[in-house]
Each structure stands twice: as C-alpha cells, then as structure tokens.
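Architecture at a glance
Given next are the chains, with one letter for each unit.
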Amino acid sequence: MLCLVAGLVALLAACGGSKTKPSKGSTSRGNVGGVPGRRGSVNDDTSRPQGSRYGVDNDSVPNDNLDVSKLKEPTPRNEPRSPYGNKSPYSVLGKSYTVLPNASGYDERGIASFYGSKFHGYKTSNFEDYDMYQFTAAHKTLPLPSYARVTNLENGKSVVVRVNDRGPFHENRIIDLSYAAAVKIGVWPKGTGLVEVRAIDPDHPDAPGTLVSSGVASSTPPPARVVGGQVVGGQSKNSDPVGASRVAFQPPLAAPARAASAAIVPPPMRPVTAPSTGDIASASIASALPPEPSAPPAVPTVNHKPKIYLQVGAFSDLANASRVADQLDKAGLGPVSIIQADINGRSVRRVRVGPLADVDTADRVTDQIAGLGLPRPSVAVD
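Conventions and cut-offs
- Residues numbered from 1 in each chain as written.
- Predicted model: local features only at pLDDT ≥ 70, side-chain atom pairs only at ≥ 80, totals over all residues.
- Heavy atoms only, no water.
- Helix = DSSP H or I, 4+ residues; strand = E, 2+ residues; numbered from the N terminus.
- Buried < 20%, exposed > 50% of the residue type's maximum accessible area, 1.4 Å probe, protein only.
- Contact = heavy atoms within 4.5 Å.
- Areas by Shrake-Rupley, 256 points an atom, 1.4 Å probe, with all protein chains shown as cover.
- Phe/Tyr/Trp six-rings, centres within 6.5 Å; stacked < 30°, edge-to-face > 60°.
- Lys NZ or Arg CZ within 6 Å of the ring centre and 35° of its normal.
- Expected span 1.5 Å × (residues − 1).
- Polar contact = N/O pair within 3.5 Å; in protein donor to acceptor, adjacent residues only side chain to side chain.
- Salt bridge = Lys/Arg side-chain N within 4 Å of Asp/Glu carboxyl O.

All right, on to the overall build of the protein then. Within the protein, the regular secondary structure consists of 5 helices and 19 strands. Considering the protein as a whole, with its 382 residues, one finds that 52% of them fall into the buried category. Restricting to contacts in the protein with at least 6 residues of sequence separation, those with at least 24 account for 80%. On the protein, roughly 15,500 Å² of surface is accessible, and the fraction owed to carbon and sulfur atoms is 53%.

See below:
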C-alpha cells in the first residue's frame, strides 16, 4: 500500500516537459477496414520523471489514414464517479479548479485542441488508458467520466465524446480532444478550433444547457465602442466569458505537461506549459459574474463565422472600465470595446479586445495584455 501511495505521490512531480504540435509519422498501428487497431496498455510508470515517463519526447499523429466514419460514438450512460481525477478543488500551476458536482446543464464555447500519439496507451486522470482512436476528451472541471457533444462552430461538425481526463492546462483552451475526435470535427489538421462543448445528461440527452463562458447570443447588438474614454452604445446580456479559460494542448505552441495536484492521491495530468511572469490573478479587476441562461439547440447551428475576443475585465464602475479600455486602446492591440450588461439587476461593463484574426493572434495578444500589467484575459467566442 505504501508503495502504491508513493507511486501516486511521485506522479505529482511529473509536471515538467512540453508538448509540440503533433506531426505526421508516429509508429503505425494495424489497420483493419480503415480503422486502426487499438494499442495495448503500455508500461506506464507514473512514478518516473516527466522527461522519461513517455516513450517519445514530442507528440505526433499516426500515419494511419483514419476513417472516422467507421468509429462509433460513445452512447451516454450513467456511470459511477471515478475514484480518481475528481478531487475538488485541485491546483495546477498555482491555479485552483473546482470539479462540477455533475455535468447537467453545462455549456461552454471557446478554443479546442487535441493530443495524440505521445500519450496513446498511457494513463488518463481517472487511470484509464488513453486511446487516441476513441472519441474521448480532457476537461478541467467536468466530472470524470461524463459525456459531452463538441461542435466545431466553424463548420458545424460535431461529435459525442466521453470525458475521462483532466486538462488541457495551456492558456485559452477549454477542451482537449482525442485524435479521433479532432479528425471527425475538423480540428485536425488545423490543430485548434472554435467549439461549443455541451454536456449530456444521459437521462435527458436533449436538455438545453446554460452557456457559461461564451460571447454568443442569438441576437447580439453591436458592441459599445470606446471613444475618448466614453462608452458609446451597445448592450448584450450574453457576451464575454467571465471565468478563466481552460488551458489546452495547442499546436503549434508547446502543449500541456501532466501537472501536479495538491491531492494525496492525485489524478495524473497531461503536461502544462509554465505561465508567464505576467500571470496575475484576474480577480483583482474582473468581477465574478454568475452564468447567464441560454437555451441552445442540441446541436448548435452555424449561421455566421465565429469570432474571437479577449475579455480583460468586468467592472461595475464605468470609470474603471474606461481607464482599462483607454490603456488597451493606446497599446494598439486591436479594436477595444466596452459591453454593458445587466445581470440579476446589476449593471456591469465588460472590457474586451477583438475580434481577433485567429487563435495564434489571441495567444499573442494575451501575452501583450499581461505585459501591460493587466490580468490575463479570458477568451470569448461570438
């Protein structure tokens, strides 16, 4: 027993290393009828240092021509909560996360990434074998296991995944998809995608969720603009996310490393990239706002091109919002706007930058905003 505990505790130390964009050319697996054969469990010594735990240093994707049409999506069913990977709260790189009591009603929009061959056959956070040829995913706060439908907002493709891992802990990411799931909805080969993640209640699979971190509304008025420090027009009740974005594996940037939790028996976590020195708690400026209700369809429809914004803060005081907006405007990082929202009878002003051209631009501007001494922003997808 002591050996088991020692091994699990040693796993906490496995938080070094980085993850690169999956490249072509990992070891080929057997392929029958267009569906690659499952790889057996590897000898995953979780007590070993991160640098030597995995068989290869860099992540990659297989040479197999994966025919996802031959892969069956998981059928959501009620499963007992895993004894591993559900410790709450848990901490990664000084940031605390609270696992949801259940997945019912969860709905979030943001940036997805994926992970591939490097982790194939190794243990997930709930100590299952990661199989990149199955439709699975990693998430920071959904219970393990749970089910979700992930929809690519850029092309309308969707997939049901079983969430059995923690992560990703790369900034500005909300979900890490398996290689198969990424292929099915078109996140591969691009590497990242703008998605909606809607948890599925097996007893009520078509029940709508509550959009918790999206800038999307069925009808969104033009955002308020900052002109000479003044807010001009615009109000939206469903705008930018108010919480921190999930850190995900993101090609072409370094990907997450399995990180340590404060638990005595911690869930194993995939690699995380170290935060920059500009990483300061957004709570000092951003107000903690409750989620706003919405009723999206079971499979979100794509009727416009999604856009990326960065929310820097939410303020009850207009003068504070204008001060931050002016600072951002002078930095020339992109269009700056203030969105006024009425939440539970409380008027708040959300300061955001965007729309931005793509994910890489959002990541770069995030670092630039932190370099101004402001909180690291969260991503909103409109």
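With that settled, consider the packing of aromatic side chains. By the definition in use, this model includes 8 aromatic pairs. Among the aromatic side chains, those forming a connected cluster through ring pairs are Tyr 90, Tyr 97 and Phe 169. One Lys or Arg, Arg 352, reaches over the ring of Tyr 309 and ends 3.7 Å from the middle of that ring.

To continue, consider helix α5 (residues 359-371). The terminal C-alpha atoms of α5 lie 19 Å apart, and with 13 residues this matches the ideal 18 Å at 1.5 Å per residue to within 8%. Where α5 is concerned, the buried positions are Val 359, Thr 361, Ala 362, Asp 363, Val 365, Thr 366, Ile 369 and Ala 370. Considering only its buried residues, α5 is in contact with β7 (106-115), β12 (193-200), β16 (308-315), α4 (318-331) and β18 (346-356). N-capping of α5 is provided by Asp 358, with a side-chain oxygen placed 3.4 Å from the backbone N of Asp 360. Backbone geometry just downstream of α5 places Gly 373 in the positive-phi region, at approximately 90°.

Here we take up the pattern of salt bridges. This model, assessed by the stated rule, comprises 11 salt bridges. Between Lys 123 and Asp 129 there is a salt bridge, with the nearest N and O atoms lying 2.8 Å from each other. Residue Lys 123 is classed as partly exposed on the basis of its relative accessible area of 21%. One salt bridge connects Glu 154 with Lys 190, and the closest N-O pair in it is separated by 3.2 Å. Here Glu 154, found in the loop between β9 (146-152) and β10 (158-165), pairs with Lys 190, found in the loop between α3 (179-185) and β12; they are 36 residues apart in sequence, far enough to count as distant.

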